[in-house]
Structure formats: C-alpha cells, structure tokens
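Each chain, letter by letter, is given below.
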Amino acid sequence: MMKKTIYYRRSDGALGTRTIEQSHGDKVSIPLPDGASELSAEEYTQEAARRAAAAARRAEDAAEAATTEQREAYEALIAAGLPEGPARRISGWRGDPEDEAAS
Amino acid sequence: MARCGCGGSDRCSCAVVAGDRVTVEGNGSPSSPYVISAGEDAGAVETGAGLTGDGRDGAPIEANVSSWPYEGCTVDEAGGQVYVDATGQLRGEPRSLATYVQDSQNVTYDDVDVPGDYNEPIETRTLTIENPDPCREAFVVCEVEVDIDFNLPAGSGAAGGILTDEMQYFANTGSGAANDVHGQVTKTYNRTIPAGETLEEPLQIVMGRGTGGATYNRVQSFMRAFVFVL
C-alpha cells in the first residue's frame, strides 16, 4: 500500500490536508488546490491547533453571551410576575440567582 | 553382404545389432535370414505435464481434462479458453486483478455562513480511479463519505449532503448555542471503467437551508474505490 499526505492553506484562508492511499502504481502524486500554498506537517499542526483554540474561544464567548441573554430574560420574566419554574423554562436559564447576584 | 560371407555358409560373419525398440532375429544365413522387426514399444512416446497415453493403438495421447462439474451452464457457454503464447507455452485467461484507492480530505474553515438555498455546492472533489488491466473492463465499487461540522446558534438550522441529495439537517430549537454539530453520511455505488482507461469520479459536497446565523467550520470527506477485473 502506498500513501502520501499534503498540507496546505487555500487562497480563501481554509486549512486543508489530503491523503491518498493506493494498492498499486509506482508513486502517489497529489496536486495542490488552485492558489493554495503548501505547508509542512509541523506548520499544519501548529496552525490547526491555533485555529482550534480560536474556535474554542469563540464558542466560549458565544456561550457566555447566550447565558447572559438567558439570565436577563429570566430576570425580566420574574420582574413581570412569573413564578420561578415557568421563568426558567421559558428563558432556558439554569443558573443560581444567588450566585449571579453575588457576582 | 558378400563380404560378410553370407553366400553359402550357415552363418554370416557380420553382426546385426538391434537398436532401441527393434528386434533382430536370424543369423543372416539362407536358412536363417535376419528378420528385423519393430519391438513391442515401437511408436510409443512418453507423456506428462497434463498429457496422457503413449500414442499406440488404444492409448492415444490426450489432454488430461476434468469433467465439467456445473449444472447451471455448459462448458460451451461458460468455459474459459486455453491459448499458446509466443514461446509455445500454454496459457489460460488473464489473471484476476483487484486494486484499492482512497482519497481523504479534511478542510478547516473560520466559521463560514451556511448558504440559505437548497443544496448549494461548497466543493467538488474528484477521485482518480485507474483500470489496471489493459484488455478487460473493470467493475468498481465506489464509496464516499461527508462529515460537516456546523455551529448552530439558538434558533438556527443547517443542512448538508451530496450533489442533489440533502442528507442531513440540524436545527437548534433550544435557547443556547450548539457547536460542532455533525453527522457522517455515506453513499455506495458502482462504476465500470473500459480497459486501460482512467475514471475521474466526482464528489460534490453541498450545504443549504442555513438560517439564524448557522456556520460551518470543518468538512471532512472520503472517496474510496474497490476495483475488480475478473
């Protein structure tokens, strides 16, 4: 079995890797996508880790913003006179009011 | 024979020797002339390598063939052929071939919006599949896989698939974001490739029905071909 892997950064900024395995032939050749620049395995691994960390930060920020919106909705529903149970279900907020107030 | 003194004596002085598979009787005298006859094994040949018999009456030289064991077809309909090559050697039908090729790709994006229409092309890949046999058509089992990672804010939705087939749809009906939502879809189908030719088999990855800020951040895809020439 013959195998080859390439790593690259596309012109649109996307990061890619491609691997071909085959049971026959003399060699495996993989062309780069149009406009892409080739990376080494080490460069690819570092870039992928950097993007994964950035994506995790974005997800964390988005989750935090969503929690804030939920808490605000919960507080508005409580202020409007709803009991705690329905206010939690409608808002989706699962935090502790005392912890939030303390913070 | 005169020099052998066979004229009147009761025996000739010349010796007559029987060769392989030949018999000699008599001594060459008028009363006992030489009688040269073929031996019992005359005309016989040694056989082997799939041939039987020795060529004499009752034992003809024949190929040592098997009886046709199949009931559903006749040898006339389904039997293979035997050929003679340039060196005079017997040859059978071309040998069976089986090959395999796999092309996998993993592309990471910085949160690209999922298109709103149905089945919008995102990328088209191709798998190069060679028929390794220069004289016979190849039968190919193709298998493809697509795995898309969606980030789905609350109230969003996104779909993905292959060509015109939307194969997955995710909707976030909750109140919080759902990240890296994904499923792996696959299709299996057959192709044929003429003798000695190469097939460029496409895989078009599509997405659609993006709503509520849905994005994608990764597309993994596999293309595999199992090639048989029988």
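Residues numbered from 1 in each chain as written. Chains lettered and ligands numbered in written order. Predicted model: local features only at pLDDT ≥ 70, side-chain atom pairs only at ≥ 80, totals over all residues. Heavy atoms only, no water.

Tallying secondary structure elements over chain B gives one helix and 15 strands in all. Rg of the C-alpha trace for chain B: 40 Å, well past the compact-globule value of 17 Å for 230 residues, more than 25% over. Here the C-alpha coordinates of chain B stretch approximately 135 × 40 × 25 Å along the principal axes. Counting over 230 residues, chain B shows a buried share of 31%. Look at the contacts in chain B between residues 6 or more apart in sequence, and 63% of them connect residues 24 or more apart. As presented, chain B carries roughly 13600 Å² of accessible surface, and 50% of it is formed by carbon and sulfur atoms. When the 13 positive and 34 negative side-chain charges of chain B are each reduced to one mean point, those points stand 9 Å apart. (Helix = DSSP H or I, 4+ residues; strand = E, 2+ residues; numbered from the N terminus. Rg over C-alpha atoms; globule rule 2.2 N^0.38 Å. Buried < 20%, exposed > 50% of the residue type's maximum accessible area, 1.4 Å probe, protein only. Contact = heavy atoms within 4.5 Å. Areas by Shrake-Rupley, 256 points an atom, 1.4 Å probe, with all protein chains shown as cover. Lys, Arg positive; Asp, Glu negative; His and termini not counted. Charge placed at Lys NZ, Arg CZ, Asp CG, Glu CD.)

Moving on to the side chain of A:Thr17. Structurally, A:Thr17 is set in strand β2 (residues 15-22). On the accessibility criterion, A:Thr17 (12% relative accessible area) is buried. A distance of 3.1 Å separates a polar side-chain atom of A:Thr17 from the backbone oxygen of A:Ile6. Excluding residues that lie within four positions of it along the chain, A:Thr17 makes contacts with A:Thr5, A:Ile6, A:Tyr7, A:Tyr8, A:Tyr44, B:Ser104, B:Gln105 and B:Asn106. (Polar contact = N/O pair within 3.5 Å; in protein donor to acceptor, adjacent residues only side chain to side chain.)

By the bridge criterion, eight bridges tie β2(A) to strand β7 (residues 97-113) of chain B in an arrangement that is antiparallel. Paired with A:Thr19 across the two strands is B:Ser104, which belongs to β7(B). Of the pairings in the sheet, the one linking β7(B) to strand β15 (residues 215-229) of chain B comprises 14 bridges and is antiparallel in character. Bridging across to β15(B), B:Val112 finds its partner in B:Tyr216. (Pairing = 2+ DSSP bridges.)

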